[in-house]
Structures are given as structure tokens and as C-alpha cells.
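Summary of the model geometry
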Amino acid sequence: MIEHASAANAAKQANAANPPPSRRGQRRRLLALAAGLALVAAACGGGGGGGDKGSGDGGATAKDADGPPQSGGKVIMATEAEVDGFDPTKNRFDITGLTYAETVYDPLATYGKDRKIHPYLAESITNSPDYTTWTIKVRSGVQFHDGEPLNADAVKMNLDGHRKSPLTSPAIAAIESVDKVDDMTVAVKMKEPWVAFPAYLTGQIGYVASPKTLSDPNGSRNPIGTGPFKFKEWVPGNHFTAVKNPNYWQKGLPYLDEVEYRPIVEVTSRASSLSAGTIDMMHTTDPDTIVAFRKDKKIKLIDDSKSAGEHEEAFFMLNTAKPPLDDVRVRKALALATDRQKVINTVYAGILTPANGPFDKNSPYYADTGYPEFNLDEAKKLVAEVEKEKGPIAFELGTTNSAKNLQTTQLVQSMWKDAGVETTLKQVEQSQFILNALVGNFGAYLWRQFGAPDPDGDYVWWHSTTANPLGQLSLNFARNKDPEVDAALADGRHNPDPEARKQAYQRVAKQFAQDVPYVWIGTTVWSVSSKPKVNGVTTWKLPDGSDGLDTLLAGRFLMSHVWVSK
Amino acid sequence: MSARFLGKRLLQLLPVLFAVSALSFLLLNLLPGDPTIAILGPSATEENRAVLREELGLDDPLPVRYVNWVADSATGDLGRSYVSNQPTLEAIKQRLPVTLELLLLSQLLALVIAVPLAILAATKPNGVLDRVSTSTAFGFLAIPNFMLGVLLIYLFAVRFRIFPATGYTPFSENPAENLRSLALPAITLGVAELAVYLRLLRTDLIATLQEDYIAMAQAKGLPKAYILLRHALRPSTFSLVTVAGLNLGRLIGGTFVVEYLFALPGIGALTVESIFRRDYIVVQGTVLLVAVGYVLANFLVDLLYGILDPRVRHARVAA
């Protein structure tokens, strides 16, 4: 499952996913070093103890302690980054931001074990028959941490804030107006039928911050919400602490008295901190760490590699508006020349699943897309055919300044070279990288994206209306224009029938396999690991009594339901 | 030390500070990339970015922005972070104690071990202790600090669980925990310094011990320890003090890595984070701080020469 409910988040993820790998490359070397030292220590008679890693690869079982949840205690969780603030309408919520946000705020909706969206802070979310109006009614009797009541005005102020926000507004551009119906209800009117709108309420756009937080210029550093924990202290780069909200609207929750988050950017340090017991929990997408923790019996690991829902994909984005990649035969040749499994085994510790489209095998939208399988001979033939007509194929291949990304790109560069395609490799600074993608100043870029919990969240990245000519800003970075994709995206947005939507997005994926605007690599795996005493990450109940999501929402989970066994 | 000398030295600091601030400002602003993309993400429209550029004053010509920044900095206003809107000065105040404590501890650790070891080694050049200590020191010098940090975490946090792997406890909150949380980072940083100090002081001491006045003192029958500490040590610390001052730059560079590795909320980590986010304002602030700190530390070293060696003092007065 993947978390971001806004295009802004998807975008953030698209680029935020890039920095960590550099540390991964480093990590592998350092791990080897640490292992080397362990050998030295053992040779010096210091061995014994510590050599507790199991040899099986079955992985640690993430089973909660028996018995009912216990209240009390504190959990320290390490995150992969620091946030820039807590205002949902102003700050960029990556995975850490969403985790922090869900500590002090509640989302209007969330996912259940049935993979359906359930009202959470909202009592009900209903649609007009034509899906052009969504009516959100919030629960009565809920208070913000400062004692102010939750009501329709607060919800309207949040949604209006997003509509004005440069950060989050593009994702909800289809909203026409937000109107107060009564004290507890707002009606959200759309410019077109919008079936998937509630999915947007499960993330950044769905958090309800107190009007005071939104109007206070320092609100982003002093959040007030309705959430399970009250903001206590945030020292950027060091820790964010929140204490139990005694008046929480879900009786009996949260279980913990206090929760502390610590950003530990360096993944090796984060993992060591968990192994050393300095922290209780952490999250990561680092394949080497996940593989190590799967074997570690002292660590409880939950990963979403086998869970249904959407994952981000790693892929090479091709600029279909710029020669030579405007020729679909070239793009197809690149796909044929890319041995996805080899890339995954070499760079990603073998744990990613090779992708054949934007939806992975566990997603309901997955289909056999007919994406070109690795076939070097076929690739060579296509290249020869094109070169006979147009001359040698050469373009710029780019990635960010990260060792892991460079490794991936170099490997794929050599694969493409085997097929006769010459590329020049260029590493580009992160924000310049995004700018180049926006204005089309690239050939092929290593990218990571497309993990919106509902595929409608990727509308803005795929539709031809957002594909502008070179030199102009274009959210459809690949500039792929395909009427079939447009029609399928419209169907997915407008058609309420789940089966029809499924087919619509399968059509999108199949068209991508034909057009090849993206050369797929694999899907990202998110993990949350903890000491064995930490429970409740994926076993919890929704307010209506039904089971909550039994896997991670792209690394996300609700801290309100986490408890520690004594 | 005359006031004139002090004033002259302080005046000499000004061009250095100007050069450092201008260079750091230029470097950061000439880098490719656009802070508005770093802040707003790719989905923001050109209009939104234009508004933000205007707000941040990024449309002004570079010299105008530099002058504005210097003028504000002079009044203690280092601007607000583009990203978190936190005043840079506040961020620096929050994080400076961590870095200062780390620097102090690592230097103390290095000196407390290096000085006695060097003295012992110098008394018996090429003895067992001398050989073992200098070769060990050389080994430590050869290990890059990020590598040493990982090894220390693995050994003392993961394996033996003596120290926490990461994190920082403020001294005011719990002094014992504070020292525990800084132990591994301080060792990581201090070990390389230790090696340098040990080798320097040992060599200088051996040279000093060959001087005639030492032979004279020995002839007078003064105790060996007395001669070492009272007669030989002070004249032998010249190189040590010089290097300790110059090393500050290297140490500060080391904190960038060590704070990142140990997740310490110091100036180094702040700078690294801010570079990743293209938060120019904060980077300019921290670079300026580091530069001023470095220049001041070396100014202090200059003053120390005078204290260590009366000849320097007298020469200065004469000049």
C-alpha cells in the first residue's frame, strides 16, 4: 500500500526517494566493514554472544504479543528524515511528515483490512449520485487539543487552505467549491464527477488541523489537532515528542503515554540504533537493512512486499517529445535491453519485484500488460532498424547525486550499450533534476513514483492535458500523449463501478507497455521494524469496529494503536 | 600583550571575514538548482514559484542580496530558513552547544591521552611504549572517521551496549546521559587528533630534551619529572598549540560526518541537512559561524604563543 493522497506528496516522493540510496551504497560497504570487524573481534577471543542471526531467510515473524493491548509506556521511533513543519497546507509531508501528522492530527478517512476507505475523523463521507458532490460530516463531540470543538468551519478552512496552497492545490484542482451545510457538515462540489475523491482524504489533504494552527504564522511549528497525541516539543533535527491526549475521541486510545520521534537520516546508524536498543522502532526502504532484519530474530519486521495495494515503482522515465526517444521503437528497444531482475539482484538486494507497469503484482489493478520482456537480440534488431533510417542513437541518461542511483544507472547504461545504444551519464543536483524533468530537458531519468493509494492520484502525471511541449512546465514529465490513456483515466475518475475502474487502470498499464514512456525496474518495499515488545502496528480496529488495514500504507501506520507489552 | 597589538590583530580579521562571507554567499548562489523547486515541489505552477521568489527576494541582483544579507547579519539577523521558517540564529543557538561540547570533549580526550603518553614516550625514545604508542597512533590516523564511527557503534552500542548508538541528551537534562551520548562521537573525532598530538609533542619533547639548559638542569641534580614538566614541556608545546588551532577546521569538517552518523543535533548536521534541502539562508549562516569560529580560534592561538614564549611577547612589544 502506498500513502500519499496528494500529487504534491507523490511529487515529494518522486524526488525524496532519491537521496537515501546514496547512503545505501555506503551502507553496504560499511556493513562489510562491520562484519570484518566482528570477525576480528571473534578471532581475538571476543566472540560469543551477538552472533544471534538466524540462517534461514524466512524472515522474522511480525506477530503481536498475546492478550489484550496494554496501556502505558513510551516508544521512540526513528524516522528517515526531518520534516519542515506540521501545517498540512504549507509543509511537504513525506513519509516522516505523514507519520508526525498522524500523531497530532486525524485523517478524515483511512483504509480498512477490506482495502476500502472508511470514515475516520469523519462520521460519514457520501457522494451525490453523479459523484459531483461529496458530503463530509465530521464526528460530533470531538475537541482540538486546545479545547476548541471540531466542526464544519474547521474542515472547510483546511480544505480551502489546500485549494490555495501552491503545494497541494494541483492534486485537488477538480474541486469547484467547499460549502458549509450545517455545523458538522461540508459539501465539496467538483468540476467533474470524481469517484476517487475519498482516497485523497486518507493523507495530507485529509488531516484536520485546528483553525488556530492554520492562521498562526508559527502554526507549522506548533500544531494543534484532534489526534491521539498532543504536541509537546519539536527540536528540529533532534526529536519531536508528543504526549497522550487524555480527551481523545476514541475511548481507550492511544495506548502509549508518550511517543518520541528522532530523525536518523543515515540508515546504518538508524538500524544500529534499533539493534543497540537506543530506539524502539524505525522505518526504511533500504533493501540491505530489510534483508538483514528479516534474519534477525531479535527484531520484529513488517514489510509490505507481499501486501495488496499500491507501491512506488523505480523506473527510467523517457522523454517522448525529444529525439531519439520520440521513436517508440527506440523506447521499446530500451525496455527489451533492460534486465530488470539483474538490476534488482545487483543493486536492490533482490527484494524488489520486477515491474511490468505502474501497478505491482499485489495490486487489484495489476494485469499482464504485455510489457517487453528482456530480449537482447530483439533489442539489437530494433536498434539496427532505427539506426539504418536515422543514424546512431545517443542521448543523455541522468540521475541524482546518489551512489545507489548511480549504480543503477551505470548498470542499465551498460545493458543499453549492449543493445547498441550510446548514452552519456549525467548526475544532476536534486532540484535541478526536477526542473529538468519539468521543462523536458532530459533524455532518460531514473525516477521513482506512482504509488498513490488510488490510481486516480496519478492522473495529473499521466494525462495528456498536463503534457506540454519542451521548454514548458509539464507535470506529465515523459510527455506521453495517448488518447487511450486519457480515456481510461477519465473512466477511472468518473465511473463508480469498481470492476470498470479496475479495467480502466489495467488499460492504462497496457497502453504504457505499448507506448513505453517508462522503462520499469521494480516496486519499492517499505518496512517498519521494532523491538519485539512493540505491538499493534498492523493489528487494530477502525472506529466502526471493523478491522483496520493489516499492512503498511507505504511505511505508514497509526501510532494511536501501538502498544508495548510489559 | 599590548592593546595595540590586539587591535591590529582584530582589524586583520575583517578582510578575512569579508572574503569568507562573500565566497560562501557566492558559492551557494551560483550552484545550479532552484530553491523554489526544493520548497514547493514539481507540481507548483510557475506563478506560485514567482510569488515565492519574490517573497524570498531571489529576484534581486546578487550584489544587492549579498549586501542585504551582510547588513542583516551584522545586526544578528541571519534570516529565516526557507524551509521551516525558523530563524537561522535560533537554529544555531539550539545546535551550537552540541557541537561546542563535542569539539571540546574530543579535544580534551585527545590531549588528556596524548600529553602523558608523549611525555612517557619521549623519555625513552624508541622504547617499547614509544614504538607501540606511535604505531598505534599512526593506525588510528589512517582510519577515516566515518569508518571508525561505524565500527565504534557496532562494538560499543550494538554488541556490548555500553553507549547509545545515536542521539543526544542535553547536559541540563541528565549530565551522565549527556556524556554517554557524546562518548562515541567524541572518541571518533578525537582519535585522529590524539595521534597527531602524540607524534608532534613526542618529537618536540625529544628535541627539547637535547638542549643545553636541560643538560644543565640535569647536572644540577633536579628530579627527572620536574625537568620534564617544568623545563621541557612548555617550550615543546609550540607545534602542538599551532596544530590544535589549525586542526579546528579539520575537526569542524569532522563534525559534519560524525553528527550525521550519530544523529547529533549540532551545527554540522544542520549544515548537511540544509545543503540537501537547498536551504541557502541556513547554510550561509552556519558557514559564516564556522568561519568566524575558526578565525577566532586561530587568533587565540596567536595570543597563546605570547603566553608560551616570552620572546614572542617581547618581540611584539618591540615591534
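Structure report, in brief. In this text the structure is predicted, and so the values were computed from the model without any measurement.

Quick notes on the rules
- Residues numbered from 1 in each chain as written.
- Chains lettered and ligands numbered in written order.
- Predicted model: local features only at pLDDT ≥ 70, side-chain atom pairs only at ≥ 80, totals over all residues.
- Heavy atoms only, no water.
- Patch = residues over 30% accessible without salt bridge, like charges linked within 9 Å, V, L, I, M, F, W, Y side chains within 5 Å.
- Areas by Shrake-Rupley, 256 points an atom, 1.4 Å probe, with all protein chains shown as cover.
- Salt bridge = Lys/Arg side-chain N within 4 Å of Asp/Glu carboxyl O.
- Helix = DSSP H or I, 4+ residues; strand = E, 2+ residues; numbered from the N terminus.
- Buried < 20%, exposed > 50% of the residue type's maximum accessible area, 1.4 Å probe, protein only.
- Pairing = 2+ DSSP bridges.
- Axes fitted to C-alpha atoms, helices over the stretch in contact; angles between N-to-C directions.
- Contact = heavy atoms within 4.5 Å.
- Buried area = accessible area lost by both parts, 1.4 Å probe.
- Polar contact = N/O pair within 3.5 Å; in protein donor to acceptor, adjacent residues only side chain to side chain.
- 1 Å grid on protein atoms, 1.4 Å probe; cavity = no way out; pocket = protein on both sides within 12 Å on 5 of 7 lines; lining within 4 Å.
- Points joined across faces, edges and corners; volume = space filled by probe spheres on them.
- Nonpolar A, V, L, I, M, F, W, Y, C, P; charged D, E, K, R; others polar.

**Remarks on a nonpolar patch on the surface**
Residues and elements named next belong to chain B.
- Residues Leu 104, Leu 108, Val 112 and Ile 113 make up a contiguous nonpolar surface patch of roughly 370 Å² in combined accessible area.
- Looking at the secondary structure, you find Leu 108 in helix 5 (residues 88-123).
- Its relative accessible area of 44% is what places Leu 108 among the partly exposed residues.

**Side note on the pattern of salt bridges**
Residues and elements named next belong to chain A.
- All chains considered together, the criterion is met by 38 salt bridges over all chains.
- For Lys 90, the salt bridge identified is with Asp 87, shortest N-O distance 3.2 Å.
- Judged by its relative accessible area of 0%, Asp 87 falls in the buried class.
- Taking the shortest distance from any N to any O, the salt bridge between Asp 280 and Lys 533 comes out at 4.0 Å. Of the two residues, Asp 280 sits in the loop between helix 7 (267-276) and strand 11 (281-284) while Lys 533 sits in the loop between strand 18 (527-530) and strand 19 (534-535), which places them 253 residues apart along the sequence.

**What about the sheet that holds strand 4 (residues 122-127) of chain A?**
All names here are of chain A.
- As summarised here, the arrangement of the 4 strands in space is 4-5-7-6, forming an open sheet in which the pairing is antiparallel. Edge positions in the sheet fall to strand 4 and strand 6 (175-182), since each of these pairs with one other strand and no more. Each strand of the sheet is rotated relative to its neighbour by a mean of 20 degrees, with strand direction disregarded.
- Bridge analysis of strand 6 against strand 7 (residues 185-190) gives 6 bridges, and the strand direction is antiparallel. Paired with Lys 180 across the strands is Val 186, a residue of strand 7.

**What to know about the interface of chain B and chain A**
- Every contact between the two is made by 47 residues of chain B and, on the other side, 52 residues of chain A.
- For the chain B and chain A pair, buried surface summed over both sides reaches about 4000 Å², with 60% attributable to carbon and sulfur atoms.
- Of all residues in chain B, Pro42(B), Ser43(B) and Tyr260(B) give up the largest surface area on contact with chain A, accounting jointly for 16% of the area buried on that side.
- One salt bridge connects Glu90(B) with Arg221(A), and the closest N-O pair in it is separated by 2.7 Å.
- Linking chain B to chain A there are 6 residue pairs in polar contact (both at pLDDT 80 or more).
- Where the side of chain B that touches chain A is concerned, the elements lending two or more residues are helix 2 (35-40), helix 3 (46-56), helix 5, helix 7 (145-159), helix 11 (238-261) and helix 12 (267-276) of chain B.

**Examining the pairing of strand 9 (residues 239-244) of chain A**
All names here are of chain A.
- In the sheet, strand 8 (residues 229-235) pairs with strand 9 via 6 bridges, with the strands oriented antiparallel. When the bridges of strand 9 are listed, Val 235 appears paired with His 239.
- Between the end of strand 8 and the start of strand 9, which pair antiparallel, lie 3 residues, with Gly 237 showing a positive phi angle near 85 degrees.

**Looking at unusual backbone geometry**
- The step from Leu253(A) to Pro254(A) runs through a cis peptide bond, and the omega angle for that step is -5 degrees.
- When you line up the elements, Pro254(A) lands in the loop between strand 9 and strand 10 (258-263).
- Cis geometry is found at the peptide bond from Pro323(A) to Pro324(A), where omega equals 0 degrees.
- You can see Pro324(A) is positioned in the loop between strand 13 (313-318) and helix 9 (328-337).
- The backbone of Arg115(A) sits at a positive phi, close to 65 degrees, despite the residue not being glycine.
- If you trace the backbone, Arg115(A) turns up in the loop between strand 2 (109-111) and strand 3 (117-119).
- You will see that Asn126(B), though not glycine, has its phi angle at about 65 degrees, which is positive.
- Tracing the chain through its elements places Asn126(B) in the loop between helix 5 and helix 6 (128-142).

**Digging into the environment of Leu27(B)**
- Relative to the assigned elements, Leu27(B) resides in helix 1 (residues 3-30).
- The sequence separation of Leu27(B) and Glu173(B) amounts to 146 residues, and the corresponding C-alpha distance is 39 Å.

**Focus on empty space enclosed by the protein**
- What the rule picks out here adds up to 7 cavities of 30 Å³ or more.
- Reported here for the largest cavity is a volume of approximately 160 Å³.
- Pro236(A), Ser84(B), Leu270(B), Glu273(B) and Arg277(B) are, among the 16 residues lining the largest cavity, the residues nearest its centre.
- Of all the secondary-structure elements, those providing two or more residues to the lining of the largest cavity are helix 5 and helix 12 of chain B.
- Among the elements that take part in the lining of the largest cavity, helix 12 of chain B stands out by supplying 3 residues, more than any other.
- Class assignment of the residues belonging to the lining of the largest cavity gives a composition of 6 nonpolar, 5 polar and 5 charged.
- There is about 120 Å³ of room inside the second largest cavity.
- Taken together, Glu82(A), Gly237(A), Pro263(A), Ile264(A), Val265(A), Glu259(B), Tyr260(B), Ala263(B), Leu264(B), Ala269(B), Val272(B) and Glu273(B) make up the lining of the second largest cavity.
- The set of elements that each furnish at least two residues to the lining of the second largest cavity consists of helix 11 and helix 12 of chain B.
- Of the residues that constitute the lining of the second largest cavity, the class distribution is 8 nonpolar, 1 polar and 3 charged.

**Comments concerning the sheet that holds strand 1 (residues 74-79) of chain A**
Residue and element names in this part refer to chain A.
- What the 7 strands build is an open sheet, ordered 8-9-10-1-11-18-12; its pairing is mixed. The sheet terminates laterally at strand 8 and strand 12 (300-303), the two strands that pair on one side only. Strand-to-strand twist across the sheet, computed as the mean angle between neighbouring axes with direction ignored, equals 20 degrees.

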